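# Residue-level structure breakdown
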Amino acid sequence: MRVQCKHGLALLLLPGLAQADPLTATDTIWIAIAAALVFFMQAGFALLESGLSRAKNSLNVVMKNYMDLCVGTLVFWALGYGLMFGSSSTGWFGEDGFMLSQADGSTWAMLLFQIMFAATAATIASGAMAERTRYAGYLCGAVVITGVIYPLYGHWAWNSNGWLAELGFIDFAGSTVVHSIGGWCALAGVLVLGPRLGRFDKNGKPRDLPGHNLSYVALGGFILWFGWFGFNGGSTLSASVDIARVNLNTQLAAAAGAVGSTLYRMLSRRPVLLTETVNGSLAGLVAVTAGCAVMSPGFAVLTGLVAGALAALGARLMLSMRLDDVVGAVPVHAFAGAWGTLAAGLFYEGDLFNPERITVQLLGIVVAFCWAFFAALIMYLAVSVIAGLRAPALHEQRGLDLSEHAETGYPEFPQNSLYDASMTRTVENRP
């Protein structure tokens, strides 16, 4: 099956593993193009998350998206790639392939492509933790996610010797490996940080803190959707006819996700919101990522439809628990990713509803939660103590653009001319 070829080829190209035929020039060109499309998704994340944040934090959000890509690239090259795709004698972690400097063209193509996946996993937490997170503390988290948390689970699921892979776990392009892992890390960060100031009243009822630019949200959603054709289509790892159905299923699920979110709002007699509609389409994309190569188009539509409604319901659940996820990253990536991974087992073409396969899928989902959530929870608690994770209340009230970067995304807006980054530190240190 293609899903098995995807995981196997990605690993067999690496030093120390069994040899496979190298990628052709055409295959390499396609992977390089797909990597560029996934890279462009970072722009989509930046626009979406910035638009859903208030103007006083817009620059800070963009800076986090920009730098977690930069930091994540270096960390994954130095450490994460080896842990994820290196030779494995135990099935738990890779033992070589660190800081690669000598390899063939096939390995370079795979390294480039996988760097973009690692950056995607890391940046998911940015939106959930927006508007109250210290810049340095956030980047510490991105280092651990790209260097350890994401690659270790990726090793279990995508390395040909990984223990989950040997059980037959299916996750073609990363509904769980990338998106749920990033989403569970985001949930841990939200728990450690607590809600933004004023997000809930004294009775726990949520207050609206609307984003400053919903046009950015829509544009970011379109860019992410566009980049997903590289995310899923590139995971074929070959310029083959299989790309057509993979990307068709991707398109169908995204459209169905938006419809699912809209139907949920209409049936519950609530206004149809742009923000939830965009998140619905993203949830559909996340969900179909696991099974886009192994399910028929009709089941791709069903997968996306359920994911869109699930993301909307998940957002309400988060609020009921007083969990402040600024952009809805946890429902879109963690919840929809888990559903999509289960759907890949439920709707496996030619062998629907196989209980053994479904059991393996459920095991992979539970393991992903237990590993990513608790590892990230410990990591963020440590960062909070050592480097500081939550921004001071004064900085949060004034905006992190100035306090963290001494710049502002909207200089035309009225500003207190006496307030800048140094001024906040002075006021903060007063007796």
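Further up the page is the structure itself.
What comes next concerns the included structure. (Residues numbered from 1 in each chain as written. Predicted model: local features only at pLDDT ≥ 70, side-chain atom pairs only at ≥ 80, totals over all residues. Heavy atoms only, no water.)

### A look at the packing of aromatic side chains
Selection criterion: Any two rings among Phe, Tyr and Trp, with Trp reduced to its six-membered ring, count as a pair given centres within 6.5 Å; such a pair is stacked if its planes are under 30 degrees apart, edge-to-face if over 60, and tilted if neither. The numbering of helices and of strands both runs from the N terminus, where a helix is a DSSP run of H or I of at least 4 residues and a strand a run of E of at least 2. Per-residue accessibility, obtained with a 1.4 Å probe over protein chains only, is compared with the maximum for each type, and a residue is labelled buried under 20%, exposed over 50%, and partly exposed between these values.
Evaluated as defined, the whole model comprises 21 aromatic pairs. With 5.4 Å between their ring centres and 75° between their planes, W92 and W156 make a pair best called edge-to-face. Taken together, the residues W92 in the loop between helix 3 (58–85) and helix 4 (105–128) and W156 in helix 5 (residues 135–158) connect sequence positions 64 residues apart. Judged by its relative accessible area of 43%, W92 falls in the partly exposed class. Judged by centre distance (6.0 Å) and plane angle (55°), the rings of W184 and F335 are tilted. One end of the pair, W184, is in helix 7 (residues 175–193); the other, F335, is in helix 12 (residues 329–346), and 151 residues separate them in sequence. As far as the burial class goes, W184 and F335 line up, both buried.

### With respect to the packing of helix 2 (residues 25–51) against helix 4
For clarity, the threshold we go by: Note on geometry: axes are C-alpha line fits, over the in-contact stretch for helices, and angles between N-to-C directions span 0 to 180 degrees. By definition in this entry, angles of less than 35 degrees are roughly parallel, angles greater than 145 are roughly antiparallel, angles of 65 to 115 are roughly perpendicular, and the rest are oblique. Rotating anticlockwise by less than a right angle from the far helix to the near helix defines a left-handed crossing, while the corresponding clockwise rotation defines a right-handed one. The contact criterion used is simple: two residues touch if any of their non-hydrogen atoms lie within 4.5 Å.
Running from N to C, helix 2 and helix 4 point in directions that differ by 15°, and their axes come no closer than 9 Å. In terms of orientation, helix 2 lies roughly parallel with respect to helix 4. Of the two elements, helix 2 crosses helix 4, and the hand of that crossing is left-handed. Of the residues in helix 4, those touching helix 2 at T28, I31, A34, A35, V38, F39, Q42, F45 and E49 are A109, L112, F113, M116, F117, A119, T120, T123, S126 and G127.

### With respect to the environment of A35
Its place among the elements puts A35 in helix 2. Considering only alpha carbons, one finds A35 and N247, 212 residues apart in sequence, at a separation of 15 Å. Beyond its immediate chain neighbours, meaning those up to four positions away, A35 contacts L112, F113 and M116.

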